[in-house]
Amino acid sequence: MDNLADTGEKRDGRIWIISSGGFVNLDLSSICKEPVSGPVTEYRISELARYLLNPDTISLEEKVVGCKVRYRKPRAGLIRRLFGKGRRNGTSDVEEIISSSRIGTPDFRDEGLNAHFIKISEMLRPYDPVQKRLAELDRQRVEDITAICEEISGNRYTLNLQGSLNEKINFLVNSMSRKTKVVFNRAYLMNGLFEMRGFKFDAFNPDNCYRLIKFNRDNRTAYCVLDADYGFEFWVDDSALVHYMHIFEQSVRTDPRLEDALELCIRGKATPLKLFFSKQLEQKYSVKRLPETYRKIFSAFNIGENEKNTITNMLNSFQSIVFFNFVPEPETGSRRVLTNITVMHDFRALEPIRTQLPELYSEIDKKTSVSDAGKLYLLDSIREYQNV
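Quick summary incoming for the structure in this document.

Calculation notes
- Residues numbered from 1 in each chain as written.
- Predicted model: local features only at pLDDT ≥ 70, side-chain atom pairs only at ≥ 80, totals over all residues.
- Heavy atoms only, no water.
- Axes fitted to C-alpha atoms, helices over the stretch in contact; angles between N-to-C directions.
- Helix = DSSP H or I, 4+ residues; strand = E, 2+ residues; numbered from the N terminus.
- Left-handed = near helix turned anticlockwise from the far one by under 90°.
- Contact = heavy atoms within 4.5 Å.
- Nonpolar A, V, L, I, M, F, W, Y, C, P; charged D, E, K, R; others polar.
- Pairing = 2+ DSSP bridges.
- Buried < 20%, exposed > 50% of the residue type's maximum accessible area, 1.4 Å probe, protein only.
- Polar contact = N/O pair within 3.5 Å; in protein donor to acceptor, adjacent residues only side chain to side chain.
- Salt bridge = Lys/Arg side-chain N within 4 Å of Asp/Glu carboxyl O.
- Core = buried A, V, L, I, M, F, W, Y, C linked by side-chain atoms within 4.5 Å.
- Parallel < 35°, antiparallel > 145°, perpendicular 65-115°, else oblique.

## Considerations on the packing of helix H8 (residues 292-300) against helix H10 (residues 358-365)
- Their axes nearest at 11 Å, the elements H8 and H10 cross at an angle of 140°. Classified by chirality, the crossing of H10 by H8 is right-handed. Seen from H8, the contacting residues are Thr293, Tyr294, Ile297 and Phe298; seen from H10, they are Leu360, Glu363 and Ile364.
- By residue class, the composition of the contact of H8 with H10 is 5 nonpolar, 1 polar and 1 charged.

## Some words on the sheet that holds strand S11 (residues 220-226)
- The strand order across the open sheet built from 5 strands is S1-S2-S10-S11-S12, with neighbouring strands paired in antiparallel fashion. Unpaired on one side and paired on the other, strand S1 (22-24) and strand S12 (232-236) mark the two borders of the sheet. For this sheet, the mean inter-axis angle between neighbouring strands, taken without regard to orientation, is 35°.
- The pairing of S1 with strand S2 (residues 37-45) spans 3 bridges and is classified as antiparallel. Residue Gly22 lies in a different strand from S2, and its bridge partner there is Glu42.

## Topic: the sheet that holds strand S9 (residues 193-195)
- Strands sit in the order S8-S9-S13-S14-S15-S17-S16 across an open sheet of 7 strands; the sheet is antiparallel. The open sheet has two edge strands, strand S8 (188-190) and strand S16 (369-371), and neither has a second partner. Ignoring strand direction, the axes of neighbouring strands in this sheet form an average angle of 30°.
- Note: strand S14 (residues 319-328) against strand S15 (residues 336-346), 8 bridges, orientation antiparallel. Within S15, the position partnered with Ser320 by the bridge is Met344.

## A look at the environment of Asn309
- Relative to the helices and strands, Asn309 resides in helix H9 (residues 305-315).
- For Asn309 and Ser286, which are 23 residues apart along the polypeptide, the C-alpha to C-alpha distance reads 7.5 Å.

## What to know about helix H7 (residues 256-266)
- Counted residue by residue, H7 has 8 buried out of 11 residues, so it is predominantly covered.
- Listed as buried for H7 are Leu258, Glu259, Ala261, Leu262, Glu263, Leu264, Cys265 and Ile266.
- For H7, the secondary structure elements touched by its buried residues are helix H6 (239-254), strand S13 (270-278), S14, S15 and strand S17 (374-387).
- Backbone nitrogen of Arg257 and a side-chain oxygen of the N-cap are separated by 3.0 Å at the start of H7; the cap is Asp255.
- Directly beyond the C-terminal end of H7, a positive phi value near 75° is found at Gly268.

## Topic: the pattern of salt bridges
- Considering all chains together, one arrives at 25 salt bridges under this definition.
- Where Lys274 meets Glu195, a salt bridge forms, and the shortest distance between an N and an O atom there is 2.8 Å. You can see Lys274 sitting in strand S13 and its partner Glu195 sitting in strand S9, a full 79 residues away along the chain. Across this residue pair, the class does not change: Lys274 and Glu195 are buried.
- Members of the salt-bridge network, linked through shared partners, are Glu62, Glu151, Glu195, Arg197 and Lys274.

## Quick look at the nonpolar core
- Core analysis: the largest hydrophobic core is formed by 71 residues, its most contacted members being Leu48, Leu212 and Phe248.
- Ranked by the residues each element gives to this core, the list is headed by H6, at 7 residues.
- Ignoring any residue separated from it by four or fewer positions in sequence, one finds Phe248 in contact with Ile17, Leu48, Leu52, Leu258, Leu262, Leu275, Phe277 and Val322.

## What to know about the packing of H6 against H7
- The interhelical angle for the contact between H6 and H7, taken along N-to-C directions, is 100°, at an axis separation of 5 Å. Classed by the angle they form, the pair H6 and H7 counts as roughly perpendicular. Residue-level inspection shows Phe248, Ser251, Val252, Arg253 and Thr254 of H6 in contact with H7, the latter providing Pro256, Leu258, Glu259 and Leu262.
- Among the residues making up the contact of H6 with H7, the classes are represented as 5 nonpolar, 2 polar and 2 charged.

As C-alpha cells, then:
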C-alpha cells in the first residue's frame, strides 16, 4: 500500500476516510472496453473507506431469538371455516415465535466456568417453549420459515434461510438463543445505512491507501477502486456512496467526538455497530434550542430576535448528518449503546445573511472545510445512549 507521508497528507496515525482529488494521466483501457473521454480524478481512500464501498459479502455472528412461520393458505372455503380465518394469532397466516431466554454465551475470564454454564444451558434447551413449538409444527401446513435475529442494540430483523423446509427448521432448533454466522450482501445495507461490524478496526493501518478513480463513462460519472499498484479491485455502482465518504471525512476531521468514537474501536475499547447518513434531524432547531456553535455566536454579537429566527430557520435545511453507534467496553454495570450524531451544515444556507450580518457570516466561514460534498462546517455534535 502507499504511504500517506509520501503524498504530503500525513495523518499522525489518526483515522481518515478519503483525500481530496487530483487530476491524473491514467490509461484505463485495461479496465474499460470502451474509450474514456475527459479528465480522470484520483482520490486516496483508507482501508475503512474501501470496506464501506466494497460490494463483496460480509460475514457476522448474530443471535437467533425466534422465527416467523408462514402457513399455506387454505384452498377452499370449507377448510378456512374449519380452521378459522386466521392462524395461531387469529388474524394472519404468519406466526411469530420469540424465545423468552435471555441467556447468552457466557463471557467470563475463566474458560472452565464458561464451559460449565454452556453445559447447563444445553441441558435446559429441550425445555425451552420455543423448542417445543418447533417440534409441534405441522410441516405440511408450513409454506416457509425465517429466522429472527437480535443485534446488541436490541434491534431485530428477519433472516431468510437457505435449504429445504426441514433444513430450515433443523437450523432453528440448533441455533435458537445462540450466535450463528450471518452473511450480508455487502457493508452498505440500504438508504444511507452501513453495517460496521464487518470491518476489523483493530487492524486498521492509517498508512495503507487504495485509489478511488473517477471518470466519465457512457456520458455518466463512473467510479472504481484500484490497489496501490493500480490493479483493479471493484466498481462502485452508486455515486451516493462516494458522496457519503466525503461527508464522513469532513465529519471525522471536525467532530472530535466522532473521531474519538472511531479511535475507541481501533483500540479495542468499543464495538462498532452501524453508520447512517441522513439529510435532516428529526427534531428541528429553534431559538430556544440552538446548537452550541450559534449559542456562542449569538452571545458574542448583537443579534435581534427577528434575525435569530431567520438564522434558526436556515439551520434546519442543507444538513448532512452522520450517525455512528457503538458499544464501549463497560467499566462497571450494564453495557450501553452510544450514538454519536454529527450535524454538518452547508455554508450555502447562510448566503441570504451575507450582507445583512457580515460579521456572523465571516465567523462561520472560518469554520468551514471544502470537499466534493460541498463547503461544510460542524453545526452540532450530540451523544445519545441506551442501556442494553
